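Notes for the structure review
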Protein chains: 2
Amino acid sequence: MKLWQEKLRKIDPYVPGEQSDAPDLVKLNANENPYPPSPRVQALLQQTDTSGLRLYPDANGRNLRGALARHFRLSTDQVFLGNGSDDVLALAFQAFFASDQPILFPDITYSFYPVWCSLLRVPFERVPLRDDFTIDPRAFDRPNGGVIFPNPNAPTSLGVGLDVIEDILRHNQDCIVIIDEAYVDFSTCSCVSLLGKYDNLVIVQTMSKSRSLAGLRIGYALCSAELASVLEAVKNSYNSYTMDSIALACGTASVEDDAYFRETCAKIIATRDRSAGQLRALGFTVLPSQTNFLFATHQRRPAEEIFTALKAQNIFVRYFRQPKIDNYLRITVGTDAEMNRFFTALGQIL
Amino acid sequence: MKLWQEKLRKIDPYVPGEQSDAPDLVKLNANENPYPPSPRVQALLQQTDTSGLRLYPDANGRNLRGALARHFRLSTDQVFLGNGSDDVLALAFQAFFASDQPILFPDITYSFYPVWCSLLRVPFERVPLRDDFTIDPRAFDRPNGGVIFPNPNAPTSLGVGLDVIEDILRHNQDCIVIIDEAYVDFSTCSCVSLLGKYDNLVIVQTMSKSRSLAGLRIGYALCSAELASVLEAVKNSYNSYTMDSIALACGTASVEDDAYFRETCAKIIATRDRSAGQLRALGFTVLPSQTNFLFATHQRRPAEEIFTALKAQNIFVRYFRQPKIDNYLRITVGTDAEMNRFFTALGQIL
């Protein structure tokens, strides 16, 4: 043991999900969008003069924030940008969860919440979901340093309506409530309309799913101008230039193509609902998804067995070896062709 | 005062440098490269099929890390990537400065070091430079939790040789020593050759200056595989996907075009040395720069006055209202044409 090793941060490495380069891979394990981004993104890249890359990007991302503000009918100073919604969330934990009281999130939810708490030394308590995986708003009625949950929730795929969000907000007026809307574009439950009414509400969204831009790392928060300025202050104390020029421009092009966005989301929703029916016909119990993935358990065959058998055929879905959900599969909705290959393999396995 | 406001992080906002959209602006205030990036970057962007952006990027950035490893004759697991060198440095502060002892850095140096210490609650002590702005290696001979300084230093533009770096390393074997080589490609003082000898050495570099890619946000650390894995663990607990697909690909294209890189650096060095002579002829004292900027003080006219007069002519240089250097200007080296406009204006002002 060298003395300098004592000065290193002790941390359990978080291991990203598995990857494969197999050419015939059906990749239904990362909740990626099966369709390309807006054709305007392709057109933009082809026109880009890279000589501009010698300059630092606009640290304030004014164009993209303006496009998002118009899209959501908010003001530009209510939009905060980050390098993917993970970056926005990690900064939000630092900006808004600075008390000594525990923050609250569901016991089954996005796996990064406890990781950020551990890295940033934020105390937390897990709030149990009901047995049917729905959120119980009364479970959040206790002293806390903040509340965060995804709506729709992951990996359960279940969403709650505005009435439940508003119930939780009414009972949690002394802390910041973050609603992580990573999957909201595949549902009807966005709470952007509540921003005018609750000044302690922060909504986080991403372009990785519904806008097919996972490769570009664009996330954002929508909140009051006051809370956005706290996020800006923390971000500017960390890295003033998190967003690169090309991501800013491509994100703007995507937001401005609303027709393509709606059409892609509608296609995924149609494939999702048809796939849920096919899974049920094969003996699965499928939660009513409001996302771009399905969370399902088979009545007889263990989830891990199905997961492994699919993987052997180069079809990747997601399996969580974790209490309460270790007999479930999370299946990202692919194209119709990908889902056909998935169902052919699944039929053979069962 | 609402109760939730008590749970917010109290932080002094760090304000990024001033911007201007004036079309005839001569921008010599951000140490940006006046030349475009490698033509291979332009060719690559035009060929990019954006349908791949629907997928998450390679979280491990294998291609770019491999290209950098070949360039520096290191192994791939000795290269760590980040979203600009600010991201790499902020993660390095969290990874390597985790003791209760103060980290040491020069009293005149990169302004972000104390900002990260404050955000991350890392104690620090400022080590005075000598009166001629050179680094005194003996000043670091005291108990500490780590050492960091830029070589060449900013904003002084002065570099030290390998003998000084090695002297500091020999006297600081019980902590991590970070050498921030943001400007090293305009000098001959890189300490990459010391990596095989000192396992507590971490070198941080950026593609924002010498590779004209400030707009893409690419930085990296070079160190032992052991230290790189600690950086990876902290990064993966924060945001697994900091680097987007396009930045990874463009960075690789740049590293693989060594001829263009050398040619551009040589042009900037030639303009720098000629400009230093012109400044001296106008009555400036100019520090012997090993960077892409010049740090200069006029024998009679106050720096702030010159700064303001240049700004009125849309020529932006950098002025620091800060003890010891408040009579200096930091002037980024532009193209010959930009420097001609700068010198014409400067001649009129003086």
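In this report, the structure presented in the accompanying data block is examined. Computed from a predicted structure; not experimentally measured. (Residues numbered from 1 in each chain as written. Chains lettered and ligands numbered in written order. Predicted model: local features only at pLDDT ≥ 70, side-chain atom pairs only at ≥ 80, totals over all residues. Heavy atoms only, no water.)

For the rest of this paragraph, the subject is the sheet that holds strand E3 (residues 103-106) of chain A. Residue and element names in this part refer to chain A. Strand order across the open sheet formed by seven strands is E2-E8-E7-E6-E5-E3-E4, with mixed pairing between neighbours. Either end of the sheet is taken by a strand with one partner, and the two such strands are strand E2 (79-82) and strand E4 (124-127). Going from strand to strand, the sheet's axes swing by 20° on average, the running direction of each strand aside. With four bridges connecting them, strand E7 (residues 201-206) and strand E8 (residues 219-222) associate as antiparallel partners. (Pairing = 2+ DSSP bridges. Helix = DSSP H or I, 4+ residues; strand = E, 2+ residues; numbered from the N terminus. Axes fitted to C-alpha atoms, helices over the stretch in contact; angles between N-to-C directions.)

Counting residues at the interface gives 83 residues for chain A, matched by 83 residues for chain B. Buried surface at the junction of chain A and chain B, both sides included, amounts to about 7,300 Å², of which 55% is carbon and sulfur. The largest share of the area that chain A buries against chain B comes from Trp4(A), Lys7(A) and Tyr238(A), three residues that together contribute 13% of it. Here chain A and chain B share two salt bridges between them. One salt bridge in this structure joins Asp199(B) and Lys2(A), with 2.4 Å as the shortest N-O distance. The interface formed by chain A and chain B includes 44 residue pairs in polar contact (both at pLDDT 80 or more). (Contact = heavy atoms within 4.5 Å. Buried area = accessible area lost by both parts, 1.4 Å probe. Salt bridge = Lys/Arg side-chain N within 4 Å of Asp/Glu carboxyl O. Polar contact = N/O pair within 3.5 Å; in protein donor to acceptor, adjacent residues only side chain to side chain.)

Right, let's talk about the nonpolar core for a bit. Judged by nonpolar contacts, the single largest core of 110 residues is most densely connected at Leu68(A), Leu201(A), Leu222(A), Leu68(B), Leu201(B) and Leu222(B). In this structure, Leu68(A) is in contact with Val79(A), Leu81(A), Met207(A), Tyr220(A) and Val255(A), ignoring residues within four places of it in sequence. Residues Ala221(A), Tyr238(A), Val88(B) and Leu231(B) belong to the second largest nonpolar core, which totals 70 residues. (Core = buried A, V, L, I, M, F, W, Y, C linked by side-chain atoms within 4.5 Å. Buried < 20%, exposed > 50% of the residue type's maximum accessible area, 1.4 Å probe, protein only.)

Further remarks concern the sheet that holds strand E6 (residues 177-180) of chain B. Residues and elements named next belong to chain B. Within the open sheet, the seven strands sit side by side as E2-E8-E7-E6-E5-E3-E4. Their pairing is mixed. The sheet terminates laterally at strand E2 (79-82) and strand E4 (124-127), the two strands that pair on one side only. Along the sheet, successive strands turn relative to each other by an average axial angle of 20°, direction set aside. Looking at chain direction, strand E3 (residues 103-106) and E4 are connected through four bridges and run parallel. Directly across from Ile103, in E4, lies its bridge partner Phe124. On top of the sheet, helix H3 (residues 85-96) reaches E2, E3, strand E5 (146-150), E6, strand E7 (201-206) and strand E8 (219-222); it is set at about 160° to E7, its chief contact. Helix H4 (residues 112-120) rests against E3, E4, E5 and E6 of the sheet, and its axis sits at about 155° to E3.

It is worth spelling out the packing of aromatic side chains at this point. According to the stated counting rule, one finds 39 aromatic pairs over all chains in the structure shown. A ring pair is formed by Tyr238(A) and Tyr238(B), whose centres lie 5.3 Å apart and whose planes are at 0°; its orientation type is stacked. With one member in each of two chains, Tyr238(A) in the loop between helix H6 (225-236) and helix H7 (245-255) and Tyr238(B) in the loop between helix H6 (225-236) and helix H7 (245-255) form a pair that bridges those chains. For the pair Tyr238(A) and Tyr238(B), a shared accessibility class is recorded, and that class is buried. By way of ring pairs, the aromatic residues Phe93(A), Phe97(A), Phe105(A), Tyr110(A), Phe112(A), Tyr113(A), Trp116(A) and Phe124(A) are connected into one cluster. Above the face of the Tyr35(B) ring, Lys267(B) is positioned so that its terminal group lies 4.0 Å from the ring centre. The ring of Phe293(B) has Arg330(B) sitting right over it, with the charged end atom 5.7 Å from the ring centre. (Phe/Tyr/Trp six-rings, centres within 6.5 Å; stacked < 30°, edge-to-face > 60°. Lys NZ or Arg CZ within 6 Å of the ring centre and 35° of its normal.)

Right, let's talk about helix H10 (residues 336-349) of chain B for a bit. Residue and element names in this part refer to chain B. For H10, with 14 residues, the first-to-last C-alpha span of 20 Å sits near the 20 Å given by 1.5 Å per residue. Residues of H10 that are buried: Glu338, Met339, Phe342, Phe343, Ala345, Leu346 and Ile349. Projected down its long axis, H10 shows its buried positions confined to an angular sector of 165°, all on one face. Among the exposed residues of H10, those pointing more than 90 degrees away from its buried face are Ala337 and Gln348. (Expected span 1.5 Å × (residues − 1). Arc of directions from axis to C-beta.)

Okay, H6(A) next. With 12 residues, H6(A) ought to run about 16 Å at 1.5 Å a step, and its terminal C-alpha atoms sit 16 Å apart, in line with that. Of all 12 residues that make up H6(A), nine are buried, and the element is covered over most of its length. By the burial criterion, the buried members of H6(A) are Leu227(A), Ala228(A), Val230(A), Leu231(A), Glu232(A), Ala233(A), Val234(A), Lys235(A) and Asn236(A). The inward-facing, buried residues of H6(A) abut E2, helix H3 (85-96), E7 and E8 of chain A together with H4 of chain B.

All names here are of chain B. Alternating residues of strand E13 (residues 329-332) divide into Leu329 and Ile331 and Arg330 and Thr332, and every residue in both groups is buried. Across four bridges, strand E10 (residues 293-298) lies against E13 in antiparallel orientation. Each residue of the ladder has a partner; that of Phe293, found in E13, is Thr332. In terms of strand pairing, strand E12 (residues 318-319) meets E13 through two bridges, oriented antiparallel.

All names here are of chain A. In the contact formed by helix H2 (residues 62-72) and H7, the axes pass within 8 Å of each other and the chain directions differ by 20°. By the angle between their directions, the pair H2 and H7 is classed as roughly parallel. Here the hand of the crossing between H2 and H7 comes out left-handed. In this structure, H2 uses Asn63, Leu64, Ala67, Leu68 and His71 to contact H7, whose residues at the interface are Leu248, Gly251, Thr252 and Val255. Of the residues that constitute the contact of H2 with H7, the class distribution is five nonpolar, four polar and no charged. (Parallel < 35°, antiparallel > 145°, perpendicular 65-115°, else oblique. Left-handed = near helix turned anticlockwise from the far one by under 90°. Nonpolar A, V, L, I, M, F, W, Y, C, P; charged D, E, K, R; others polar.)

Before going further, it helps to spend a moment on the relation of the copies chain A and chain B. For the pair chain A and chain B, the best superposition has an RMSD of 0.0 Å and corresponds to a rotation of 180° with a translation of 0.0 Å parallel to the axis. Classification of the inter-copy transformation places it as that of a two-fold axis. Closest approach to the rotation axis within chain A is made by the C-alpha atom of Gln46(A), at a distance of 2.4 Å. Mapped onto chain B, 100% of the interface residues of chain A are again interface residues, and the two copies thus contact each other with one and the same surface. (Least-squares fit on C-alpha atoms with pLDDT ≥ 70 in both.)

In this model, Ala154(A) is joined to Pro155(A) through a cis peptide bond whose omega is 5°. Here Pro155(A) lies in the loop between strand E5 (146-150) and helix H5 (162-171). In the segment running from Asn151(B) into Pro152(B), the intervening peptide bond is cis, with an omega of -5°. Relative to the elements of secondary structure, Pro152(B) occurs in the loop between E5 and helix H5 (162-171). The phi torsion at Ser157(A) lies on the positive side, around 75°, for a residue other than glycine. Along the chain, Ser157(A) turns up in the loop between E5 and H5. Look at Arg73(B): it is not a glycine, yet its phi comes out positive at around 55°.

Function-wise, these values are silent; they only describe arrangement.
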